[in-house]
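Residue strings, one per chain:
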Amino acid sequence: MENFSQSNPIRYPDYHNCIASLACSLLQYYGINPPNSTLPQADALLQKKYKNIVLLLLDGMGMNILKKHLSKDSFFCRNVKTVYSSTFPPTTVAATAAADSGLFPNQSGWLGWTGYFDKIDKNIVYFFSKDDDTGEQLDYNVAHTYVPYESLLGKIKKSGVDTHYLAPFAEPSPQNYDAFCEAIRRLCHGKNRQYIYAYWDEPDASMHKNGIDGADIQKLLADIEKTTAQLAGRLQDTLLLITADHGHINVKNKVITDYPDITECLVRMPSMEMRALNFFIKDGMKEQFVSAFHRHFGDSFLLFSKKELMEKQLLGIGKNRAEVDPMLGDYLAAAIGDIAICNTPCRFKGNHAGLTADEMEIPLIALSL
């Protein structure tokens, strides 16, 4: 297993060894030309031909969470093949889109929890097509309308392999992890060659609510690990790949409306994430904004101009999707401390999407069964 950080330094995404690279390895395995470079450790695992490939994504189960709550000889930890990178932001919308497409955020246009869509002049919650500022529910899928992408599931299906997507919110909608794993088991016992993408929303959901340290999180992770080990023991001719979309840290919440010297500079409320904030600034007010933001949050965030954001390739390497440029404001603030900046009061005790190792580093766990 590779070494990983013992503290929580700033950690930039590694787009040559990231969750999009894993997706590209899977595309290559099925004979499909990937859009980006592959992940060498995954390529090595995919040398054998399997009837079933299962990608199990456990939301929020970053390497720091494994280290905190599981022993080195636990089922998950002893089967870690590499520690690699999430996207920036290290968050579900951006990273799961990468896992499902092989695209970086700058290529997919899936940037964070909310995105600014210039065609409708709204900050929209990607997964729910809801106006983040007003709560208005739009009657069409905004993200799939303006920044659609072709998923691995679709591409692999076209190659003649059966594909399946499992999640608590997708039919058959398993409502507990035991049922979820049983659904994976049943699919793997089918006759045909198949690729299964299975997403589970824990431990992320519980860590948002309770933080990352409690005995409840340790028990939750131990239960997930035990059930996953039992699943692995019942599979044959299967490569089980287990990963996460990002890590998770404890946070202290601040509300941006408590800082009028910042908000009076804004064209609209920030979008993207509470630890990766996208700011559109009024004409003539950039100097005030930068000064005020540094005064209040300079110890907790790095502030990048749009030009610097592109030069550092924080959102991905290669050519940007055309729709991305108008999504991005004048500045992006990336968290390096434990502060989250909310548009409205938030009770999250745990969060992610910042530029720390604990948020960025994710495990690739693999079992050849």
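Heads up: the structure comes first, above all this text.
S.K.: Got a minute to help me understand the environment of Ile-156 in this structure?
M.R.: Mapping Ile-156 onto the fold places it in helix α8 (residues 152-158). A residue is classified by how much of its surface remains accessible, and Ile-156, at 0% relative accessible area, is buried. Between the C-alpha atom of Ile-156 and that of Asp-43, which follows or precedes it by 113 residues, the distance is 17 Å. If near-sequence neighbours (up to four positions away) are discounted, Ile-156 is found in contact with Tyr-30, Ile-32, Val-161, Thr-163 and Tyr-195.

S.K.: I'm lost on the packing of helix α1 (residues 19-29) against helix α5 (residues 92-99) in this one. Help?
M.R.: Angle between the axes and distance between the axes: these two values describe a pair of packed helices. Running from amino to carboxyl end, α1 crosses α5 at an angle of 20 degrees, the nearest separation of the two axes being 7 Å. Considered as vectors, α1 and α5 are oriented roughly parallel to each other. Across from Ile-19, Ala-20 and Ala-23 in α1, the residues of α5 making contact are Ala-95, Ala-98 and Ala-99. Along the lines of polarity and charge, the residues of the contact of α1 with α5 split into six nonpolar, no polar and no charged.

S.K.: For this particular structure, what's the right way to read the pattern of salt bridges?
M.R.: Side chains carrying opposite charge are able to pair once their charged atoms draw close together. Considering all chains together, one arrives at 17 salt bridges under this definition. Between Glu-136 and Lys-122 there is a salt bridge, with the nearest N and O atoms lying 3.4 Å from each other. Within this pair, whereas Glu-136 is found in the loop between β5 (130-131) and α7 (142-146), its partner Lys-122 is found in strand β4 (residues 122-125), the two being separated by 14 residues in sequence. The residue Arg-186 makes a salt bridge to Glu-182 at a minimum N-O spacing of 3.8 Å. Pair noted here: Arg-186 and Glu-182 are both in helix α9 (residues 177-188), with a separation of four residues, about one helical turn. A residue is classified by how much of its surface remains accessible, and Arg-186, at 48% relative accessible area, is partly exposed. Residue classification places Glu-182 among the partly exposed positions, given a relative accessible area of 23%. Overlapping salt bridges, with partners in common, bring together Glu-182, Arg-185, Arg-186 and Arg-234 in one network.

S.K.: How should I be thinking about the environment of Thr-82 in this particular structure?
M.R.: Here Thr-82 is to be found in strand β2 (residues 80-85). For the pair Thr-82 and Ile-365, spaced 283 residues apart in sequence, the C-alpha separation works out to 7.4 Å. A polar contact of 3.3 Å, which involves the side chain of Thr-82, links it to the side chain of Gln-41.

The rules we used
Residues numbered from 1 in each chain as written. Predicted model: local features only at pLDDT ≥ 70, side-chain atom pairs only at ≥ 80, totals over all residues. Heavy atoms only, no water. Helix = DSSP H or I, 4+ residues; strand = E, 2+ residues; numbered from the N terminus. Buried < 20%, exposed > 50% of the residue type's maximum accessible area, 1.4 Å probe, protein only. Contact = heavy atoms within 4.5 Å. Axes fitted to C-alpha atoms, helices over the stretch in contact; angles between N-to-C directions. Parallel < 35°, antiparallel > 145°, perpendicular 65-115°, else oblique. Nonpolar A, V, L, I, M, F, W, Y, C, P; charged D, E, K, R; others polar. Salt bridge = Lys/Arg side-chain N within 4 Å of Asp/Glu carboxyl O. Polar contact = N/O pair within 3.5 Å; in protein donor to acceptor, adjacent residues only side chain to side chain.

Scope: geometric values only; no functional claims are made or implied.
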